[in-house]
Amino acid sequence: MWKNVTPAPEDAILGLTEAFKKDLRFAKINLGVGVYKDEEGHTPILDSVRAAEKQIFEKETTKNYMPIAGEKIYGDEVQKMIFGSLCDRSATIHTPGGTGALRVAADLLAKFSSKTIWISNPTWANHNNIFEAAGLTVKTYPYYNAVTKDLDADGFFAALEKIPAGDCVLLHACCHNPSGVDLSAGQWKRVAKIAQKNGWSALVDFAYQGLGDGLEADRAGVETLLASGIEFFVASSFSKNFGLYRDRTGALTAVAATPADATTAMSHMMATARVLYSNPPAHGGMIVTTILKDKELCKLWRNELDAMRTRIAQARAALASGLTERGVPMDCSFMTKQKGMFSFSGLNKDQVKFLREERAVYIVGSGRINVAGLTPGNMGFVCDVVAEAMKR
Ligand code: LMR
């Protein structure tokens, strides 16, 4: 079966971690995958998560199957988190991570939409793979202007105007991955207006809620789409904001035109989930629900989330000033304006290769640096070698 098969290429992000593990050099640094690290370079289990796990361990009485859609209480908490309150024209299922949510949405779009999805250029490296695997046609719209290091607003809105009714547009709710360039409140309103006028739907990837401007502020885009009355999906991930990476904890929410349509959407989300993975893994969802339902734990979690966001912002500022001090041939102030875990550094493919091969510093091929992986211990060295690469 495999004799004449070409091996699949290394994954653009997770494949880097595998290559990193095999690298025998001592002073190696992995700034590829978007994983938060504390000042000691460790990806911690949050105290709120530990406390919730303790409760679950004591109270859990069965490992029976989960409902296909997950527990209703989890879906309700997800809606309150992404919308601020429950929404009666929406339905939420618990999915294995944000990727699971995206894949369920992709299968539904392949079944019930015009089968074309528009993704930003650039976007998360896995979007394309997920949508193509579901049989969708993937097209791109301009998003990032490499010269201004900001939104290519003209290109973006001109492209949105031309997207036909029935297609779907993938949008990043906040902390655009990889560029860190987010839409302003006014720009979200314009997006919603065009969607309404042209009749396309949206799939909102919400993987970093709380890591941009805060839990409430980060839902501004989703709130605007909701207020506009259009139909859309929200794919949530709790990998980063709860640190539940390996527990694969996410959700897919379908916002339909009416409550009755939401019930129909729920039936198809469940039918699709049943085929893809049957029912979701329970543990991460139980942690999220336990934390969000418990006032004290929720307060603790929010403090921990705020602390992560603050540390990332500090690392971002230190990277920009460290590079400036080393005389790099560019204005680095854009790095402090970017939102989320990443800095889209502007490093080109050769510079990225130099960092990996000559300096054992791993970043994503697009030039994306995981700022959340910078620590007081590695900051000076990273600034040295990134400056060296930039000057080449
Ligand atoms: C990333 O972009 O690094 C994360 O979303 C992890 C992943 O699965 O790629």
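Rules of the game
- Residues numbered from 1 in each chain as written.
- Predicted model: local features only at pLDDT ≥ 70, side-chain atom pairs only at ≥ 80, totals over all residues.
- Heavy atoms only, no water.
- Axes fitted to C-alpha atoms, helices over the stretch in contact; angles between N-to-C directions.
- Helix = DSSP H or I, 4+ residues; strand = E, 2+ residues; numbered from the N terminus.
- Parallel < 35°, antiparallel > 145°, perpendicular 65-115°, else oblique.
- Left-handed = near helix turned anticlockwise from the far one by under 90°.
- Contact = heavy atoms within 4.5 Å.
- Nonpolar A, V, L, I, M, F, W, Y, C, P; charged D, E, K, R; others polar.
- 1 Å grid on protein atoms, 1.4 Å probe; cavity = no way out; pocket = protein on both sides within 12 Å on 5 of 7 lines; lining within 4 Å.
- Points joined across faces, edges and corners; volume = space filled by probe spheres on them.
- Domains from an automatic or database assignment.
- Core = buried A, V, L, I, M, F, W, Y, C linked by side-chain atoms within 4.5 Å.
- Buried < 20%, exposed > 50% of the residue type's maximum accessible area, 1.4 Å probe, protein only.
- Near = heavy atom within 4 Å.
- Polar contact = N/O pair within 3.5 Å; in protein donor to acceptor, adjacent residues only side chain to side chain.
- Areas by Shrake-Rupley, 256 points an atom, 1.4 Å probe, with all protein chains shown as cover.
- Sits in = over half its atoms within 2 Å of the grid points.
- Pairing = 2+ DSSP bridges.

Novice: Got a sec to walk through the packing of helix 3 (residues 72–83) against helix 10 (residues 282–293)? Specific residues and values, please.
Specialist: Put simply, helix 3 and helix 10 touch, their axes get as near as 10 Å, and they point 60 degrees apart. Considered as vectors, helix 3 and helix 10 are oriented oblique to each other. Considering how the two elements wind past one another, helix 3 and helix 10 form a crossing that is left-handed. Contacts from Ile 73, Tyr 74, Glu 77, Lys 80 and Met 81 in helix 3 reach Gly 285, Val 288, Thr 289, Leu 292 and Lys 293 in helix 10. The residue makeup of the contact of helix 3 with helix 10, split by class, is 5 nonpolar, 2 polar and 3 charged.

Novice: With reference to specific residues and values, describe the layout of surface pockets.
Specialist: By volume, the largest pocket amounts to about 1,100 Å³. Lining the largest pocket are 43 residues, with Leu 14, Val 33, Gly 34, Val 35 and Tyr 245 sitting closest to its centre. Elements that contribute at least two residues to the lining of the largest pocket include exactly helix 1 (14–22), helix 2 (47–59), helix 4 (97–112) and helix 5 (125–133). With 5 residues, the top contributor of residues to the lining of the largest pocket is helix 1. A class-by-class count of the residues in the lining of the largest pocket yields 19 nonpolar, 13 polar and 11 charged. Mapped onto the domain boundaries, the lining of the largest pocket takes at least three residues apiece from domain 1 (14–45 + 310–391) and domain 2 (65–293).

Novice: Please provide a residue-by-residue account of the nonpolar core, values included.
Specialist: One finds Phe 156, Phe 232, Trp 301 and Leu 323 to be the most contacted residues of the largest nonpolar core, which totals 102 residues. Counting residues per element, this core draws most heavily on helix 11 (residues 295–325), at 10 residues. Each of domain 1 (14–45 + 310–391) and domain 2 (65–293) contributes no fewer than three residues to this core. If we ignore the near neighbours within four places in the chain, the residues touching Trp 301 are Leu 46, Ser 48, Met 81, Leu 215, Asn 241, Phe 242, Ile 291 and Leu 292. Grouped together as the second largest cluster of nonpolar side chains are 27 residues, Leu 108, Ile 130, Leu 203 and Met 269 included.

Novice: Can you explain the site of the ligand? Please cite residues and give values.
Specialist: Taken together, Ile 13, Val 33, Gly 34, Trp 124, Asn 177, Tyr 208, Lys 240 and Arg 368 make up the full set of residues adjacent to the ligand. Between the ligand and Gly 34, the relevant distance is 2.7 Å, taken from an oxygen atom to a main-chain nitrogen or oxygen of the residue. Between the ligand and the protein, one listed contact pairs an oxygen atom with a side-chain N or O atom of Arg 368 at 2.8 Å. Contact with the protein chains hides 82% of the accessible area of the ligand, taken as 260 Å² for the molecule alone. Structurally, the ligand is housed in the largest pocket. Grouping the constituent residues of the shell around the ligand by class yields 4 nonpolar, 2 polar and 2 charged. Taken domain by domain, the shell around the ligand gets at least three of its residues from each of domain 1 (14–45 + 310–391) and domain 2 (65–293).

Novice: Can you break down the sheet that holds strand 3 (residues 116–121) residue by residue, with the values?
Specialist: Across the sheet, 7 strands lie side by side as 2-10-9-8-7-3-4; this open sheet has mixed pairing. Every interior strand has two partners, whereas the edge strands, strand 2 (90–96) and strand 4 (137–142), have only one. When strand polarity is set aside, the average angle formed by the axes of neighbouring strands in this sheet is 25 degrees. When strand 9 (residues 232–237) meets strand 10 (residues 249–255), the two strands line up antiparallel, connected through 6 bridges. Counterpart to Ser 236 in the pairing with strand 10 is Ala 251. Each of strand 2 and strand 10 touches helix 9 (residues 259–276); the most contacted strand, strand 2, lies at about 15 degrees to it.

Novice: Give me the packing of helix 4 against helix 9: which residues, what numbers.
Specialist: Interaxial distance between helix 4 and helix 9 falls to 10 Å at its minimum, and their mutual angle equals 115 degrees. Viewed along their axes, helix 4 and helix 9 form a crossing whose handedness is right-handed. Each of Arg 103, Val 104, Asp 107, Leu 108 and Phe 112 in helix 4 lies in contact with helix 9, whose residues at this interface are His 268, Met 269, Thr 272 and Leu 276. Its residues assigned to classes, the contact of helix 4 with helix 9 shows 5 nonpolar, 2 polar and 2 charged.

Novice: Please set out empty space enclosed by the protein residue by residue, giving values where relevant.
Specialist: One pass over the structure, following the stated rule, counts 2 cavities of 30 Å³ or more. Taken as a whole, the largest cavity encloses approximately 50 Å³ of empty space. What lines the largest cavity is simply Ser 120, Tyr 141, Tyr 143, Leu 171, His 172, His 176, Leu 183 and Trp 188. Counted as a void, the second largest cavity has a volume near 30 Å³.

Novice: With reference to specific residues and values, describe the pairing of strand 2.
Specialist: A regular strand carries its side chains on alternate faces of the sheet. Across the 7 residues of strand 2, 7 count as buried, placing the element largely inside the fold. Neither face of strand 2 is open: one carries Ser 90, Thr 92, His 94 and Pro 96, the other Ala 91, Ile 93 and Thr 95, and all of them are buried. For strand 2 and strand 10, the ladder comprises 7 bridges, and the chain directions are antiparallel. Bridge pairing links Pro 96 to Thr 249 in strand 10.

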